[in-house]
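Coordinate inspection notes
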Amino acid sequence: MACTTILVGKDASYNGATFIARNEDSPSGQFCEKKFVVVLPKDQPLKYKTILSHQEIDLPENPLRYTSTPNANKKDGIWAAHGVNSANVGMTATETITSNERVLGADPLLKKGGIGEEDLNVIVLPYIKTAREGVLRLGSLLEKYGTYEMNGIAFSDENEIWWLESIGGHHWMAKRVPDDSYVVMPNQLGIDSFDFDDTFGAKKNHLCSADLKEFIAENHLDLTLPGKKFNPREAFGSHDDADHVYNTPRAWYIERFLNPKTAKWDGDDADYTPSSDDIPWSMVPERKITVEDIKYLLSSHYNGTKYDPYGSYGEKNMRGAFRSIGINRNDSLAIIEIRKEMPANCKSIQWMAFASNAFNVIAPFYTNIEKTPRYLSYVPRSVSTESFYWCARLIAALSDAGYAKCLNHIEHYQFAVGSKSHEILKKYDKIIAAAAESEAISLCEKANAEVAQMLKEETQKTLDKVLYETSCLMKNSYARSDA
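What comes next is a walk through the structure. (Residues numbered from 1 in each chain as written. Predicted model: local features only at pLDDT ≥ 70, side-chain atom pairs only at ≥ 80, totals over all residues. Heavy atoms only, no water.)

Considering the overall build of the protein
- Summing up its helical and strand segments, the protein has 13 helices and 17 strands in all.
- For 483 residues, the compact-globule formula gives about 23 Å, and the C-alpha radius of gyration of the protein, at 22 Å, lands near that figure.
- Referenced to the eigenvectors of the C-alpha coordinate spread, the extents of the protein come out at roughly 85 × 60 × 45 Å.
- Split into buried and exposed, the 483 residues of the protein put 60% on the buried side.
- The long-range fraction of contacts in the protein, counting pairs at least 24 apart against all pairs at least 6 apart in sequence, stands at 71%.
- Accessible area for the protein stands at about 20,300 Å²; split by element, carbon and sulfur atoms hold 52% of it. (Helix = DSSP H or I, 4+ residues; strand = E, 2+ residues; numbered from the N terminus. Rg over C-alpha atoms; globule rule 2.2 N^0.38 Å. Buried < 20%, exposed > 50% of the residue type's maximum accessible area, 1.4 Å probe, protein only. Contact = heavy atoms within 4.5 Å. Areas by Shrake-Rupley, 256 points an atom, 1.4 Å probe, with all protein chains shown as cover.)

Structure, rendered in structure tokens:
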């Protein structure tokens, strides 16, 4: 299983935007080339057939245009990962999550047919105009077709963020992220409270499959003691020893960073430890959260703790004990930012990064476009320095091998791209907001081209530097020259 998700409500973010962000990671020992493209309505199918499960699905007419981050090699399907549609609704799918034997015995995952991560963005994102509509459409598809895997999916618009979790083969629940809070999801079923009165009443902050309450009762899934509130994580989630190595440490590190004083995170008397099963699903941060915070956290390898696998930072017997967030098999990272204060024609930004987040950079792209820059859409099967994905892979592999020598170059790379990205956004936000509506798409594409050119120049400079540093560290190096 793979991926890590962070969701940030509009009142918890530094600029009032909603943010949904997710690392897409490959399984162990695999690497998946990703690209950034736009799907136009004329290219969206009316009949969709999945590759993995051979499920056929009729799709509505009149789809919206949307951005997509598909696999470059589509032998296993599209796997669109992250995107924003022309109604300024964002979606990231999926976060693989866990369950338990009782749930999967009551509602087994499908052995044949159904929908999964391969398909969800394609069959949902072009047909929704709010985050809530995304939940309802996906929920209805899960009930109709079922699924062969457990997944968590995020939807966002300028006002709301919703998080949906599948439960068994056909059931689901969804919860609205509080505006003043953030959410962390590390490959586990995460929702830790749920209000059925709201679900079957006003539906303000909770939604679920129509028979979920009966499903829980009939199968004795509620583990709540008298006087306590229902906890979906206890009912539907996992409690494996493996979680304490692979999943819970990631939530611990992120919440420890964003709420260092809210709870005690270290020591024998800590409120939460890397192996705690009750780390909160959502918290109100101690300060507002920035794009840079999200990128740092989704790149982290337990920086500054005894678990850091790099150099002499971690303790020898604990170094690398837990699964890092920023790992070698990160495929892509998208941070979808939807800005309420901006006009509709430049409201949404999709920040994109490829390969291992510990060594890469993230750059912003307007989504009101009909094409993406070639540097991000061109991903050949063979390694090429004309492709941002492949450059990111090369920089990461070289920098990991020469971590101490390359780290300074990576930090300068990240700072340079971040600073110049904000500069370009600030310039074009003003230009696009003042321009005629008919010019918006071409201006957004012009801005994206400028970002891509800057990104290419900074990436080439950094690749040159880390190649030099790592070449000097080769085992067959020798100090004496030929003279």
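What about the nonpolar core?
- Among the nonpolar cores identified, the biggest contains 82 residues, and Ile335, Phe365, Tyr366, Leu376 and Leu455 are the most heavily contacted of them.
- Once residues within four sequence positions are removed from consideration, Leu376 is found in contact with Lys35, Phe36, Met352, Phe354, Phe365, Phe388, Ala452 and Leu455. (Core = buried A, V, L, I, M, F, W, Y, C linked by side-chain atoms within 4.5 Å.)

Looking at the sheet that holds strand β14 (residues 282-283)
- Strand order in the open sheet made by the seven strands is β14-β12-β1-β2-β15-β16-β17, with antiparallel pairing throughout. Both edges of this open sheet fall to β14 and β17 (363-366), since each of them pairs with a single strand only.
- As paired strands, strand β1 (residues 4-8) and strand β2 (residues 18-25) are joined by five bridges and run antiparallel to one another. Each bridged residue has a counterpart across the sheet, and for Thr5 the counterpart in β2 is Arg22. (Pairing = 2+ DSSP bridges.)

Describing the sheet that holds strand β8 (residues 90-96)
- Spatial strand order, β7-β8-β9-β10-β11-β13: six strands in an open sheet with antiparallel pairing. Edge positions in the sheet fall to β7 (82-84) and β13 (206-208), since each of these pairs with one other strand and no more. Ignoring which end each strand starts from, the neighbouring axes of this sheet average 15 degrees apart.
- Pairing of strand β11 (residues 171-176) with β13 involves three bridges; the strand directions are antiparallel. Across the sheet, the residue bridging to Lys175 is His206, located in β13. (Axes fitted to C-alpha atoms, helices over the stretch in contact; angles between N-to-C directions.)

Brief notes about the state of the cysteines
- Summed over the entire model, instances satisfying the criterion amount to zero disulfides.
- Cysteine Cys406 shares no disulfide, and the gap to the nearest cysteine sulfur, in Cys472, comes to 9.9 Å. (Disulfide = S-S within 2.5 Å.)

Some details on helix α8 (residues 248-258)
- With respect to burial, α8 is a largely interior element, nine of its eleven residues being buried.
- Listed in full, the buried residues belonging to α8 are Thr248, Pro249, Arg250, Ala251, Trp252, Tyr253, Ile254, Glu255 and Leu258.
- Where α8 is buried, its residues touch β1, β12 (182-185), α7 (243-246), β14 and α9 (291-297).

Observations regarding the packing of helix α11 (residues 388-401) against helix α12 (residues 403-434)
- At a minimum axis distance of 7 Å, the contact between α11 and α12 shows a crossing angle of 140 degrees. In this view, α11 runs oblique relative to α12, as classed from their interaxial angle. Counted together, Phe388, Ile395, Leu398, Ser399, Asp400 and Ala401 of α11 and Tyr403, Cys406, Ile410 and Tyr413 of α12 form the full contact between these two elements.
- Residue composition of the contact of α11 with α12, by class: eight nonpolar, one polar and one charged. (Parallel < 35°, antiparallel > 145°, perpendicular 65-115°, else oblique. Nonpolar A, V, L, I, M, F, W, Y, C, P; charged D, E, K, R; others polar.)

A word on unusual backbone geometry
- At the junction of Ala93 and Thr94, the peptide bond is cis and its omega measures out at 10 degrees in the coordinates.
- Residue placement: Thr94 occurs in strand β8.
- Of note in the backbone geometry, His54 takes a positive phi value of approximately 60 degrees without being a glycine.
- On the secondary structure map, His54 appears in the loop between β4 (47-49) and β5 (56-58).
- Using a relative accessible area of 57% as the deciding quantity, one classes His54 as exposed.
- The backbone phi angle of His220 is positive, close to 55 degrees, even though this residue is not glycine.
- Note on placement: His220 falls in the loop between α5 (212-218) and α6 (232-236).

Points about the pattern of salt bridges
- Tallied over the entire structure, the rule returns 20 salt bridges.
- In this structure, Glu160 engages Arg176 in a salt bridge whose closest nitrogen and oxygen atoms are separated by 3.1 Å. Placement of the pair is Glu160 in the loop between β9 (151-156) and β10 (161-167) and Arg176 in strand β11, with a sequence separation of 16 residues.
- We classify Glu160 as buried; its relative accessible area is 15%.
- Two residues, Glu450 and Lys427, come together in a salt bridge whose shortest N-O distance is 2.8 Å. On the criterion of sequence distance, the pair formed by Glu450 in helix α13 (residues 440-471) and Lys427 in helix α12 is long-range, its members being 23 residues apart.
- With relative accessibility at 29%, the residue Glu450 sits in the partly exposed group.
- Classification of Lys427 by relative accessible area gives partly exposed; the value is 39%.
- Residues participating in the shared-partner salt-bridge network are Arg132, Glu160, Arg176 and Asp179. (Salt bridge = Lys/Arg side-chain N within 4 Å of Asp/Glu carboxyl O.)

Functional significance is not addressed by these values, which are geometric in nature.
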